[in-house]
2 protein chains.
Amino acid sequence: MTESTETPAAAAPEKTPTENGTTETPPEETPEKATEEKEKVETPPPKEMRAVVLTGFGGLKTVKILKKPEPSVGEGEVLIRVKACGLNFQDLIVRQGAIDSPPKTPFILGFECAGEVEQVGEGVTNFKVGDQVVAIPEYKAWAELVAVPAQYVYALPEGMTALDAVAVTTNYVVAYLLLFEMANLTPGKSLLVHSAGGGVGQAVAQLAKTVENVTVFGVCSKSKHEALKANNNNIDHLLERGSDYTNEVRKVSPDGVDIVLDCLCGEECNRGYSLLKPMGRYILYGASNIVTGETKSFFSAARAWWQVDKVSPIKLFDENKSLAGLNLRHLLFQHGRADYVRRAVDRVFALWGEGKVKPLVDSTWALEDVAEAMQKMHDRKNIGKLVLDPSLEPKPKPATPAKGKSGKEKKPAKESSEEKKDKEAKEEEKKPAENGEKNGEKNGEKNGEEPLTNGNSDEESKEEKKEKESS
Amino acid sequence: MTESTETPAAAAPEKTPTENGTTETPPEETPEKATEEKEKVETPPPKEMRAVVLTGFGGLKTVKILKKPEPSVGEGEVLIRVKACGLNFQDLIVRQGAIDSPPKTPFILGFECAGEVEQVGEGVTNFKVGDQVVAIPEYKAWAELVAVPAQYVYALPEGMTALDAVAVTTNYVVAYLLLFEMANLTPGKSLLVHSAGGGVGQAVAQLAKTVENVTVFGVCSKSKHEALKANNNNIDHLLERGSDYTNEVRKVSPDGVDIVLDCLCGEECNRGYSLLKPMGRYILYGASNIVTGETKSFFSAARAWWQVDKVSPIKLFDENKSLAGLNLRHLLFQHGRADYVRRAVDRVFALWGEGKVKPLVDSTWALEDVAEAMQKMHDRKNIGKLVLDPSLEPKPKPATPAKGKSGKEKKPAKESSEEKKDKEAKEEEKKPAENGEKNGEKNGEKNGEEPLTNGNSDEESKEEKKEKESS
């Protein structure tokens, strides 16, 4: 894929007047544009598309919907007209910049999308125009058009929609690799999975139950327990995040469990290891505590790191235990194991064909509502997959109040969970008038002062303030 | 099993006049004994048996063949008339005392034996008198009779001899658990195994080759390479112990290997980890460097420990790698997973039935020759299993020279490999006249001054001296 250069409209991401944050069809795509192109036949402006762009590392206000030139398809690449994008926790970690060698901002976010092949590059023989596909590219998945190296593109089986595909691919491939390549799940074993209500958690529970007589312990927020009980019966024992769940596990299974799957990191690593039976396996497949701990980004990352005990192989030998890590993106983009991942995708799609994989979608969002979707994932309120659909209209937004009114800073439209904890007592006072989450009023006007990401733009200043306070 | 108390004959293990180190049938088992028993009808002396007893932790001279009371069979136990005993590296580690909570000496050594059921204890329903069995007890396996809890006893399949059984059971169960429970060996994978000529190494190579298209790298002493090439073709790439074998592996497989099986510990842990491909697994299943490093016991153990890098689960997550340990004896005797091990034994015996497991016996020894067998294992000269057979006559021993002759200490009958390295230049001078290893002269006389363990009794003093020098 050729590197897309920013259009003048998006050249100054910190200044917002020309950015498009509305529900309207952007003017660049109106018939007027064609007229403009006729006037400049010698240097036609590149065609543009909407994309979710990270303009700087940090909070939600750094995520913007911008016009970007349509990508051209390079050798070995496939150009996809995107119908659905998958949100993954990794997107939140990237936004915070809590990753090794992050790309330079601005860049298009996203690691998962599905749609129709619009063009194939030179040397691509396994895809043709019109194929329905899903892709796991290294960034740039959240846009109307995406050019992806063919090795990260997978043909959809007959009958699988783009929505299904983004709900299935990353989550179930991770779950499949965890359970069947790494943990060697066999009948009669027990496993504990964190974030049991999330996309991977649900995939793990579902795939685990394809094996006879497996006991699943699932840890998640108490608030999700009722919904999870109503939705499915794949989790045998629901445990409360933040509680002393290890005691609860020991009540059911005094020897502990055979498998612990941890996407949180931090002190959960040590707890998970200690819960293992002999011959048990602990597998770390994420580090979401890095961005949802008590403090944000650097401080959480450091804490998550120092809370994790290093282990000697000699200890593992004495205790008959096993420690492992799975990082799908490193596997694909740093470790060159695309072939290995493709075999897992094939297997997961086969299981979908057999009806054993039934993806659970929490909700579907317009690109413009990505910040709200990210906040929902951050607050761990989703059950199943969060999906972006470029064809969707954004949710109605609140009316924009006059700035500086009453001498206070603008309040966040939605508080993050940890802010809520701190300020529960003052909740009434704090409830801002402009919180339009439920007022149903549609703001269809283009407005330079309007937060681009549907009402969450000011949260970041609070986050930053909080981080300084706790440092 | 009731704890056997020592007979007066063995009460002073450091004084040897009444100990039996000869090839003769011991007087206790001659017809005269029956006459004696008739004379003392009211308090018949307990029946006695020969056993390999560790009289104190240390070198070979601490291993003695003593008369011990025959064990009685307790509730849930099986009494086995032993036909074959398996030597395992763990026996050398136990002899040195390099284990956690060792039993108090003196005790009967050995973790593996096979024979015929002579008696079954109360509550044992799955065995009957006359059954051919193999057992993996916690010590006490190297004796003419052994009482073992039934959970550690396994019935032999039709046609399997006691010799086969001790060559198969421990080694192949370890190899099976490593490859198929822990490493998830599947077609096309590559693996590296240390001590490739040893019992477990040979079992690993053989079982690995039951999977299609697996590449086996085997590390072992150069001296074994020719014999291994002649014996079998299960090892694709033989590498030299002590050489820079990681470079050799990279020449064949630039990305490294999928599986590393390490029974050495020490710096091999770090090397093994670094050789792993992404999604690769390093498994530590032994720590033989603890007793065969440059120094002995404590110093080697400490060195092996400090050479091993501790690893954070976060590193495993970043690198898509896995670390594990397998300790069969902890699994059985500390972790209570006898049921799990039994399933592996069943599977291994089934593979034997299918002709896929073909045990390789290096050599068979009389109980009295146990020290020589241990030395062979220590020097890593065996290819396949070392077996003790209580019915065998000991090898002929050298004539005993007058003590103190020529003012020197008695020379060791056989030098350990590391002593050889140090003293190669002086080899001619050092060759002691009493080295009877090849003189074929049979010493059938009972002799209080005679080393009990067939000519190796003085090696220990040299070992101890060397240890002091290097400390």
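Our structure's up above, just so we're on the same page.
This brings us to the overall build of chain A. Scanning chain A for helices and strands turns up 16 helices and 16 strands. Looking at the 471 residues of chain A, the share that counts as buried comes to 58%. For chain A, restricting intrachain contacts to residue pairs at least 6 apart in sequence, the fraction spanning at least 24 positions comes to 72%. Here chain A displays about 19,900 Å² of accessible surface, and carbon together with sulfur accounts for 49% of that area.

Looking now at the interface of chain A and chain B. Counting residues at the interface gives 42 residues for chain A, matched by 42 residues for chain B. When the two sides are added together, the surface that chain A and chain B hide from each other amounts to roughly 3,600 Å², 62% of it contributed by carbon and sulfur. Counting the contacts that link chain A with chain B gives zero salt bridges. Where chain A packs against chain B, one counts 16 residue pairs in polar contact (both at pLDDT 80 or more). Contributing elements (two or more residues each) for the side of chain A that touches chain B: α3 (162-182), β13 (276-284), α9 (297-306), α10 (313-319), β14 (322-325) and α11 (328-333) of chain A. Grouping the constituent residues of the side of chain A that touches chain B by class yields 23 nonpolar, nine polar and ten charged. Alignment of β14(A) against strand β14 (residues 322-325) of chain B, held across three bridges, turns out to be antiparallel.

What follows deals with the sheet that holds strand β4 (residues 107-108) of chain A. All names here are of chain A. In space, the three strands of this open sheet follow the order β2-β1-β4, with antiparallel pairing throughout. The strands lining the two open edges of the sheet, one partner per strand, are β2 (63-69) and β4. Pairing geometry for strand β1 (residues 48-54) and β4, over two bridges, is antiparallel. Bridge pairing links Leu-54 to Phe-107 in β4.

With an omega of -5°, the peptide bond running from A:Thr105 to A:Pro106 counts as cis. One non-glycine residue with positive phi stands out, namely B:Arg380, at about 55°. Take B:Arg380: it is sitting in the loop between α13 (370-378) and β16 (385-388). Residue class for B:Arg380 comes out buried when judged on its relative accessible area of 10%.

A separate point is the environment of A:Asp100. One can find A:Asp100 in the loop between α2 (89-96) and β4. Sequence spacing of A:Asp100 and A:Gly325 is 225 residues, and the spatial spacing of their C-alpha atoms is 16 Å.

Once that is clear, we can look at the relation of the copies chain A and chain B. Least-squares fitting of chain A to chain B yields an RMSD of 0.0 Å, with the transformation described by 0.0 Å of translation along the axis and a rotation of 180°. Read as a symmetry element, the transformation amounts to a two-fold axis. Comparing contact sets, 100% of the residues at the interface of chain A also lie at the interface in chain B, consistent with an isologous, same-surface contact.

Before going further, it helps to examine the packing of helix α3 (residues 162-182) of chain B against helix α12 (residues 338-353) of chain B. All names here are of chain B. Relative to each other, α3 and α12 sit at 110°, their axes nearing to 9 Å. Viewed along their axes, α3 and α12 adopt a mutual orientation that is roughly perpendicular. The two elements α3 and α12 meet at a crossing, and its hand is right-handed. Listed contacts from α12 to Asp-164, Val-168, Thr-169, Tyr-172, Val-173, Tyr-176, Leu-177 and Glu-181 of α3 are Tyr-340, Val-341, Ala-344, Val-345, Arg-347, Val-348, Phe-349, Leu-351 and Trp-352. Here the residues of the contact of α3 with α12 sort into 13 nonpolar, one polar and three charged.

The next thing to look at is the sheet that holds strand β2 (residues 63-69) of chain B. Residue and element names in this part refer to chain B. If you walk across this open sheet you meet the three strands as β2-β1-β4, and the pairing is antiparallel. Edge positions in the open sheet fall to β2 and β4 (107-108), since each of these has one partner strand only. Pairing of strand β1 (residues 48-54) with β2 involves seven bridges; the strand directions are antiparallel. Counted as the bridge partner of Val-53 is Lys-64 from β2.

Our focus in this paragraph is the packing of aromatic side chains. Counted by the stated rule, this structure contains ten aromatic pairs over all chains. Relative to A:Tyr139, the ring of A:Phe111 has its centre 4.8 Å away and its plane inclined at 45°; by these criteria the two rings are tilted. Placement of A:Phe111 in the loop between β4 and β5 (113-120) and of A:Tyr139 in the loop between β6 (132-135) and β7 (145-149) is noted, with a sequence separation of 28 residues between them. A:Phe111 sits in the buried class, given a relative accessible area of 2%. Judged by centre distance (5.3 Å) and plane angle (55°), the ring pair of B:Tyr176 and B:Phe180 falls under tilted. A residue pair is termed a helical-turn pair when its members lie 3 or 4 positions apart in one helix, as B:Tyr176 and B:Phe180 do in helix α3 at four residues. Each residue in the set A:Phe57, A:Phe107, A:Phe111 and A:Tyr139 is aromatic and connected to the rest through ring pairs, giving one cluster.

Residue and element names in this part refer to chain A. Locating Ala-155 in the fold gives a position in strand β8 (residues 153-155). Sequence spacing of Ala-155 and Asn-126 is 29 residues, and the spatial spacing of their C-alpha atoms is 8.9 Å. When residues no more than four places from it in sequence are discounted, the contact partners of Ala-155 are Phe-127, Gln-132, Val-133 and Phe-349.

All names here are of chain B. For strand β12 (residues 257-262), the tally of buried residues reaches six of six residues, placing the bulk of the element in the interior. As paired strands, strand β9 (residues 190-193) and β12 are joined by three bridges and run parallel to one another. Among the inter-strand pairings, Val-193 is bridged to a residue of β12, identified as Leu-261. With five bridges connecting them, β12 and strand β13 (residues 276-284) associate as parallel partners. Paired with Val-260 across the strands is Tyr-282, a residue of β13.

Take the pairing of strand β9 (residues 190-193) of chain A next. When a strand is regular, its side chains alternate between the sheet's two faces. Residue and element names in this part refer to chain A. Where burial is concerned, the two faces of β9 agree: the one with Ser-190 and Leu-192 and the one with Leu-191 and Val-193 are both buried. Sheet topology places β9 next to strand β10 (residues 215-220); four bridges connect them, and they run parallel. Its bridge partner lying in β10, Leu-192 is registered against Phe-217. Each parallel crossover has a hand, and for β9 linked through helix α4 (residues 199-208) to β10 it is right-handed.

Residues and elements named next belong to chain B. Counting buried residues along helix α4 (residues 199-208), ten of its ten residues qualify, which places the element largely inside the surrounding structure. Listing the buried residues of α4 in full gives Gly-199, Val-200, Gly-201, Gln-202, Ala-203, Val-204, Ala-205, Gln-206, Leu-207 and Ala-208. Here the buried face of α4 lies against α3, β9, β10 (215-220), α5 (225-231), β12 and α12.

Moving on, we come to helix α13 (residues 370-378) of chain A. Residue and element names in this part refer to chain A. Among the nine residues of α13, nine are classified as buried, and the element is accordingly described as predominantly covered. Listed in full, the buried residues belonging to α13 are Val-370, Ala-371, Glu-372, Ala-373, Met-374, Gln-375, Lys-376, Met-377 and His-378. At the exit of α13 stands Arg-380, carrying a positive phi of roughly 55°.

Counting residues in hydrophobic clusters, the biggest one holds 114 residues, and the most contacted among them are A:Trp142, A:Leu191 and A:Leu261. For this core, the leading source of residues is α3(A), giving 13 residues.

Conventions used here
- Residues numbered from 1 in each chain as written.
- Chains lettered and ligands numbered in written order.
- Predicted model: local features only at pLDDT ≥ 70, side-chain atom pairs only at ≥ 80, totals over all residues.
- Heavy atoms only, no water.
- Helix = DSSP H or I, 4+ residues; strand = E, 2+ residues; numbered from the N terminus.
- Buried < 20%, exposed > 50% of the residue type's maximum accessible area, 1.4 Å probe, protein only.
- Contact = heavy atoms within 4.5 Å.
- Areas by Shrake-Rupley, 256 points an atom, 1.4 Å probe, with all protein chains shown as cover.
- Buried area = accessible area lost by both parts, 1.4 Å probe.
- Salt bridge = Lys/Arg side-chain N within 4 Å of Asp/Glu carboxyl O.
- Polar contact = N/O pair within 3.5 Å; in protein donor to acceptor, adjacent residues only side chain to side chain.
- Nonpolar A, V, L, I, M, F, W, Y, C, P; charged D, E, K, R; others polar.
- Pairing = 2+ DSSP bridges.
- Least-squares fit on C-alpha atoms with pLDDT ≥ 70 in both.
- Axes fitted to C-alpha atoms, helices over the stretch in contact; angles between N-to-C directions.
- Parallel < 35°, antiparallel > 145°, perpendicular 65-115°, else oblique.
- Left-handed = near helix turned anticlockwise from the far one by under 90°.
- Phe/Tyr/Trp six-rings, centres within 6.5 Å; stacked < 30°, edge-to-face > 60°.
- Right-handed = clockwise from strand over helix to strand, strands pointing away.
- Core = buried A, V, L, I, M, F, W, Y, C linked by side-chain atoms within 4.5 Å.

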